[in-house]
Structures are given as structure tokens and as C-alpha cells.
Amino acid sequence: MLVVFRELDRKDGQRTNAMIIAFVIGIVWGTVAAFAGRWTVEGLAGTYNVRAVISERNSTTSEGQHGPRTSYEVLAIGEDGRAIELPTRDTFGLADPVVARLSSVTDRVLSVRGATDVVEAHHPWEKITAMSLGWVLLALAAIMLVKLARPGVTRTALPFLAGLAFAAFVVLTPVGFGETAYGEVADPVPNFWELRRDLWGPRPMFARGQTAVSGEAAVRVLESRPGPPEGAEAWLSEFHVLTLRIEASSLGGTALELSADEHGEPERVKDCAGAPGAFDGTTGLVCFVVPPGYRPQYLLVGKLEREVLLRLQ
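The following refers to the structure shown. (Residues numbered from 1 in each chain as written. Predicted model: local features only at pLDDT ≥ 70, side-chain atom pairs only at ≥ 80, totals over all residues. Heavy atoms only, no water.)

**A look at the overall build of the protein chain**
The condition is simple: The way it works is that DSSP assigns letters per residue, a run of H or I at least four long becomes a helix, a run of E at least two long becomes a strand, and they are numbered from the N terminus. Classification of residues uses two cut-offs on accessible area relative to the type maximum, computed with a 1.4 Å probe and protein chains only: under 20% is buried, over 50% is exposed, and between them is partly exposed. Here, two residues are considered to be in contact whenever any of their heavy atoms come within 4.5 Å of each other. We get accessible surface area from the Shrake-Rupley algorithm with a probe of 1.4 Å; when it comes to residues, only the shown protein chains can shield them.
Counting secondary structure elements, the protein chain contains four helices and 16 strands. Relative to its 313 residues, the protein chain shows a buried fraction of 39%. If you take every contact in the protein chain between residues at least 6 apart in sequence, the share linking residues at least 24 apart comes to 69%. Surface accessibility of the protein chain: about 17500 Å² in total, with carbon and sulfur atoms responsible for 57%.

This is the structure:
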């Protein structure tokens, strides 16, 4: 009898080990397959754009195995007032206007575009490789499931399915890694224009239609209108845009900026995103992307002690 009990104990131990192994395999394959499935759905399903302004940009540096590692938390406020977490690291600055493209299925950020850069969060090659591997593992998991589901091995199939379900729950649900890009709250967008006035005091002011002079540079605004110019690249129409037609002399590298008594920092678009008639150093179009609801009042010409203001309204 003692020999029989030992044989039963050995068989029970083997069954237990087999069930544990099946559960772990289910978790591994389920995790990769869930990530791959989500990325595929996000790539094939529809998207929508959200205009936003970056209101927080925090970084934390820690020592890692291969040296210092910096992690970033970037939050923006959308037109509807909701906070959005952006995977942009240090690409964009505080108070920059951006357009985030989100998945209509998962509400996760797929890309972020600013006036000068675009960050793709969905199609890096390593993610495409992982997605392809996930589908291979999913096919292998299906084959294994068929084999495990044969009569007499149901005990092993159940923990395998449990592992798959557990992995999918962790990866896809909001309580795990499936959270959306939307947050509950973000800091207000800073008003850098107000800070500049406090630091440097009032700047020389030129009336609308006059020629603003900063050092040797002189700038006159001939026309100001909202919206991108004709012939600009399609992405520019996703932003709120102010287009100026100006003439200038001796401008050289003199800075041109927009400002107003509001939050956010307009950003100049290089060559008006390819629009014909862009500013050539003497005359032409100058384009700025502006935050939602922003009404620019001044064109800033020059920097620091040479900065002057040309009223636009």
C-alpha cells in the first residue's frame, strides 16, 4: 500500500507541475498576443485628432544598469478641457500647441504633431516586430490549445486558458496597461508672456500698420488672416493657424514671435509648411500655429533688450 500511495503522490505532483507550466505559458503567450492584437486594432481602426496645449513637462533621472535613465511625464490640455498624457519625452516645450491623433477604439495616443516635429507612438519597427511575433505565438497557442483539449487532458487546458484570460485582462483593461490617454487633471498652461513683461517691463510698441524697428531690422505686416495659406501641407489644417503677410529689411536672424495676454506659446511654422509665397527674407507669408482660443495681439520682433511689439489688433 505504501508503494501505491507514493505512486499516486508522484502522479499528483506531475499533474500540478503540468498545470502550473500551462498557466505560465498561457500568461506569456496571452501577454504578447494581447499587445499585438491591440496594436493591430489601433492601426486598422479609425482615429480622431485633439488640439491641445502642453501644460506639464516633468522628468526624473535615475541610475540604471547601463547608466542614467530619464523618464518623462508630459501632460496637455485639450480643447474640451480634459488632460491628455503624451508620449513625446522632450520633443516639445511647455505651452507648445500640438495635435494628438488618438485611436477611436482605445483612446490611446498614436502620434503627436507640433509646428516643427512629429512623434509617432504606434509604428516604430520594434513594435511592429513585437506585433508580428505576437501573432505567431497566438497561432502556436491555438495549436497547443487544440492538443491540450483532447479527452483526458482537460485539467491542463483549463489553467492554460486561465493564463490567457489573466494576461488579456492585465494588458487590455484600464486597471492594467490598457488605460486611455485621458487623465483627470493637469496644471494650467503657463502664461510666459506675462512672465516676460514682469521680468523686462514694457517694451516699445508700434501701432497696427506701422513699421516695427528693432536694431537694423524693420518689419511691416501687410495682411493678417486666420487659417493656413493655400498650398500648405495638409497637416497644417489640423491646427489653429494665423498667417501674416509681411515685408522686412535687414531682418537676418532677427526673431519673429506672436504673443497675447493669454496662455500658451504660438510656434512659427518653417516655410509655412511648403506653401507658395513663403517669406524669403524680404517679403512673403509667415505662419504660426496657435493654441485653441488664442487671439494673438502682437508680433514680437527681436530678442531681450531689442524686443519690440507690433500691434496686430
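Let us keep going from here.
**With respect to the sheet that holds strand β14 (residues 283-290)**
Put simply, the rule is: Here a strand pair is declared whenever DSSP counts at least two bridges between the two strands. In this description, a line fitted to the C-alpha atoms serves as the axis of each element, helices being fitted only across the stretch in contact, and the angle between N-to-C directions of two axes falls anywhere from 0 to 180 degrees.
Judged by pairing direction, the sheet is antiparallel, and its five strands sit side by side in the order β9-β10-β11-β14-β13 without closing on themselves. Only two strands of the sheet have a single partner each, and these edge strands are β9 (211-214) and β13 (267-269). On average, adjacent strands in this sheet sit at an angle of 40 degrees to one another, irrespective of strand direction. The pairing of strand β11 (residues 240-249) with β14 spans eight bridges and is antiparallel. Looking across to β14, one finds that T243 is bridged to C287.

**A closer look at the state of the cysteines**
Condition: Whenever a pair of cysteine sulfur atoms sits within 2.5 Å, that pair is classed as a disulfide.
Taken as a whole, this structure holds one disulfide when the rule is applied. Through a disulfide, C272 is tied to C287; the S-S separation comes to 2.1 Å. Here C272 and C287 share a disulfide; its torsion about the S-S bond, 105 degrees, makes the bridge right-handed. Of this pair, C272 sits in the loop between β13 and β14 while C287 sits in strand β14, and the two are 15 residues apart along the sequence. In this pair, the class of C272 matches that of C287, namely buried.

**Structural notes on the pattern of salt bridges**
We count it as follows: We define a salt bridge as a contact between a side-chain nitrogen of Lys or Arg and a carboxyl oxygen of Asp or Glu at a distance within 4 Å.
In total, this model carries nine salt bridges according to the counting rule given. R82 serves as the salt-bridge partner of D80, at 3.1 Å between the closest nitrogen and oxygen. Among the residues examined, R82 registers a relative accessible area of 40% and is labelled partly exposed. One salt-bridge network, in which partners are shared between bridges, spans E223, R225 and R245.

**A look at the side chain of E265**
The topology assignment puts E265 in the loop between β12 (256-259) and β13. Overall, the relative accessible area of 15% leaves E265 in the buried class. Not counting chain neighbours up to four residues away, the residues in contact with E265 comprise A95, D96, P97, F192, W193 and P291.

**Some points on helix α4 (residues 192-200)**
What counts is decided by this rule: Residues adjacent in sequence count toward polar contacts only when both atoms are side-chain atoms; beyond that, a polar contact is any pair of N or O atoms within 3.5 Å, and within protein one must be able to donate a hydrogen and the other to accept it.
The opening residue of α4 is N191, an N-cap whose side-chain oxygen sits 3.2 Å from the backbone nitrogen of W193. Looking one or two residues beyond α4, the residue adopting positive phi is G201, at roughly 75 degrees.

**Some points on the side chain of S55**
Along the chain, S55 falls in strand β1 (residues 47-64). Residue classification places S55 among the buried positions, given a relative accessible area of 5%. Discounting residues that sit within four places of it in the chain, S55 has contacts with L75, A76, I77, L94, A186, D187, P188, V189 and P190.

**A closer look at the sheet that holds strand β15 (residues 298-301)**
Sheet architecture is open: four strands sit in the order β8-β16-β15-β12, paired in mixed fashion. Taken across any chain shown, the strands that pair with only one partner, and hence form the sheet edges, are β8 (205-206) and β12. Pairing between β12 and β15: four bridges, direction antiparallel. Its bridge partner being in β15, S259 is matched across the sheet by Y298.

**What to know about the environment of E257**
Structurally, E257 is set in strand β12. Residues E257 and F288, 31 residues apart in the sequence, show an inter-C-alpha distance of 8.4 Å. If we ignore the near neighbours within four places in the chain, the residues touching E257 are R196, F288, Y298, L299, L300 and K303. Within polar-contact distance, the side chain of E257 engages the side chain of K303 at 2.9 Å.

**Some words on the nonpolar core**
Operational definition: Among buried residues, those of type Ala, Val, Leu, Ile, Met, Phe, Trp, Tyr and Cys that are joined through side-chain atoms within 4.5 Å constitute a nonpolar core.
Formed by 23 residues in total, the largest nonpolar core has its most connected members in V219, L244, I246, L258 and L299. Sorting the residues of this core by element identifies β10 (217-226), β11, β12, β14, β15 and β16 (308-311) as the ones contributing at least two each. Element by element, the count of residues in this core is highest for β11, at four residues. If near-sequence neighbours (up to four positions away) are discounted, I246 is found in contact with V219, R220, V221, L222, L256, F279, T282, T283, G284 and V286. Residues A52, I54, V74 and L102 belong to the second largest nonpolar core, which totals 16 residues.

**Observations concerning the packing of aromatic side chains**
Using the following cut-off: Under the pairing criterion, centres of Phe, Tyr and Trp rings, with the six-membered ring standing for Trp, must be within 6.5 Å; the plane angle then separates stacked pairs below 30 degrees from edge-to-face pairs above 60, leaving the rest tilted. Sitting over a ring, as applied to charges here, requires NZ of Lys or CZ of Arg to be within 6 Å of the ring centre and within 35 degrees of the ring normal.
Enumeration over the complete set of coordinates arrives at four aromatic pairs. Positioned over the ring face of Y182 is R82, at 3.7 Å from the centre of the ring.

In short, the description is geometric, and any link to function would need to be established separately.
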